[in-house]
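A closer look at the structure
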Amino acid sequence: MVSVPEIILNSGHTMPLLGMGTAVYPFVGSNAVTSAILRAIELGYRHFDTAALYQTEQSLGEAIAQARHQGLIKSREELFITSKLWCSDAHADLVLPALHKTLRNLQLDYLDLYLIHFPVSLKPGKFEAPPPKEDLMPMDIKSVWGAMEECQRLGLTRSIGVSNFSCKKLSDLLLNVTIPPAVNQVCLRWVHEKGVIVLVKSFNEERMKENLDIFDWALSEEDSQKISQIQQFRAFPTDDFVSVDGPFKSAEEFWDGEI
Ligand SMILES: NC(=O)c1ccc[n+]([C@@H]2O[C@H](COP(=O)([O-])OP(=O)(O)OC[C@H]3O[C@@H](n4cnc5c(N)ncnc54)[C@H](OP(=O)(O)O)[C@@H]3O)[C@@H](O)[C@H]2O)c1
């Protein structure tokens, strides 16, 4: 079984450098997702990435319960589980209830990492993807982050972080925090050799094995050169989160001109 190297986050907790993504569009969990995750645990994956948006929290929770039952893992501590706060819950008073719901879905007492999924809020009460443009609203990041810090203080998550934040938004956030974010999860076509934590998604067994097999060999100089010439898609497409009447009117504004 492959052993995945880990890094230490600023929270003091470790995080495996390679994780398995569970986002499948259209978003829906299923027995097939549970089976794929269970097989991934057998192959050595220990780090899993989900989100309220993906609707795979329950499938992942079921796979973890089965893995424990079958003795594939001895304890919850062996896993690193990330989930994300959806935009309609990105309001100070809704963060804790959203995390409780996520934990119920996952059948877990705590997350390893809880992320603000996008730097934008939606009117509360609805759960729609793609979100209705008229529901987009600016996030009160100071109070939402305060609620995320409370989640960590309560022991409901070991680390907290953000996702799809530009460097500017991250720098602004850092000016007003007690607990700094441990992670900014972004969708960049970087590779393990660039020193970032990689999330791979495959529910195909052979490709799951291939994606784990990256730790005992290196790319040649020539291959690295060729890869660096491939056009980079530098960030997650944000069309769903920009609107003439919303907090961000263009992708450039969303990313503060960094893409
Ligand atoms: N925070 C965010 O906003 C955000 C945004 C995007 C993604 N993510 C996370 O990152 C994960 C990965 O997302 P992604 O956008 O990189 O992946 P993706 O778009 O889901 O792409 C993965 C695709 O590549 C195929 N694949 C995987 N390994 C392969 C291999 N070795 N050879 C050939 N094909 C292979 C998979 O097909 P098969 O399943 O058929 O193998 C799948 O269709 C997501 O599941 C999610 O957890 C987060």
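Here is a short report on the structure shown in this document. (Residues numbered from 1 in each chain as written. Predicted model: local features only at pLDDT ≥ 70, side-chain atom pairs only at ≥ 80, totals over all residues. Heavy atoms only, no water.)

If you check the shell around the ligand, you find 21 residues, and the closest are Asp49, Gln185, Lys201, Ser202 and Arg207. Between the ligand and Asn211 there is a distance of 2.8 Å, counted from a nitrogen atom to a side-chain nitrogen or oxygen. Protein contact buries 65% of the 920 Å² of open area that the ligand shows by itself. Among the elements that take part in the shell around the ligand, helix α6 (residues 205–212) stands out by supplying three residues, more than any other. Tallied by class, residues from the shell around the ligand come to seven nonpolar, nine polar and five charged. (Near = heavy atom within 4 Å. Polar contact = N/O pair within 3.5 Å; in protein donor to acceptor, adjacent residues only side chain to side chain. Areas by Shrake-Rupley, 256 points an atom, 1.4 Å probe, with all protein chains shown as cover. Helix = DSSP H or I, 4+ residues; strand = E, 2+ residues; numbered from the N terminus. Nonpolar A, V, L, I, M, F, W, Y, C, P; charged D, E, K, R; others polar.)

Under the 1.5 Å per step criterion, the end-to-end length of helix α4 (residues 141–153) is 18 Å for 13 residues, consistent within 8% with the ideal 18 Å. All of the buried residues along α4 are Val144, Trp145, Ala147, Met148, Glu149, Cys151 and Gln152. Lining the buried residues of α4 we find β5 (80–85), α3 (95–106), β6 (111–116), β9 (157–163) and α5 (167–174). Positioned one or two residues after α4, Gly155 has a phi angle of 80 degrees, which is positive. (Expected span 1.5 Å × (residues − 1). Buried < 20%, exposed > 50% of the residue type's maximum accessible area, 1.4 Å probe, protein only. Contact = heavy atoms within 4.5 Å.)

In terms of burial, β5 is a largely internal element, six of the six residues being buried. Where strand β4 (residues 47–49) lies against β5, three bridges are found, and the strand directions are parallel. The residue of β5 that forms the bridge with Phe48 is Ile81. Bridging between β5 and β6 involves four bridges; their strand directions are parallel. Within the sheet, the bridge partner assigned to Leu85 lies in β6 and is Ile116. For the crossover that starts at β5, traverses α3 and ends in the parallel β6, the hand is right-handed. (Pairing = 2+ DSSP bridges. Right-handed = clockwise from strand over helix to strand, strands pointing away.)

This part is about the nonpolar core. The nonpolar side chains of a soluble globular protein tend to be buried, and buried together. Formed by 46 residues in total, the largest nonpolar core has its most connected members in Tyr45, Phe48, Ile81, Leu85 and Ile116. Per-element tally for this core: the top contributor is helix α1 (residues 31–43), with seven residues. Sequence-distant contacts of Tyr45, that is, excluding residues within four places in its chain, are made with Leu18, Gly19, Met20, Ala40, Val200, Met208, Asn211 and Leu212. Membership of the second largest hydrophobic core comes to 15 residues, among which are Tyr54, Leu122, Val242 and Phe248. (Core = buried A, V, L, I, M, F, W, Y, C linked by side-chain atoms within 4.5 Å.)

The omega torsion across Tyr25 and Pro26 is 0 degrees, close enough to zero to call that bond cis. Along the chain, the position of Pro26 falls in the loop between β3 (18–21) and α1. Here the residue pair Ala129 and Pro130 is connected by a cis peptide bond, since its omega of -5 degrees sits within 30 degrees of zero. Following the sequence through the fold, Pro130 ends up in the loop between β7 (121–122) and β8 (136–137). A positive phi angle, near 55 degrees, is found at Gln107, a position not held by glycine.

With that settled, the discussion passes to the environment of Arg39. Relative to the elements of secondary structure, Arg39 occurs in helix α1. Since its relative accessible area comes to 26%, Arg39 is described here as partly exposed. On a C-alpha basis, the gap between Arg39 and Asn204 in space is 9.6 Å, while along the polypeptide they are 165 residues apart.

Right, let's talk about the pattern of salt bridges for a bit. Two side chains that carry opposite charge are able to pair once their charged atoms sit near each other. In total, this model carries 14 salt bridges according to the counting rule given. Residue Lys84 pairs with Asp49 through a salt bridge whose shortest N-O separation is 2.8 Å. Of this pair, Lys84 sits in strand β5 while Asp49 sits in strand β4, placing them 35 residues apart in sequence. Asp49 carries the same exposure label as Lys84, and that label is buried. Put simply, Glu150 and Arg153 hold a salt bridge, and the shortest N to O gap is 3.1 Å. Remark: Arg153 and Glu150 occur in helix α4; sequence separation between them is three residues, near one turn of the helix. On the basis of relative accessibility, which here comes to 34%, the residue Glu150 falls in the partly exposed class. (Salt bridge = Lys/Arg side-chain N within 4 Å of Asp/Glu carboxyl O.)

Any functional reading would require information that these geometric values do not contain.
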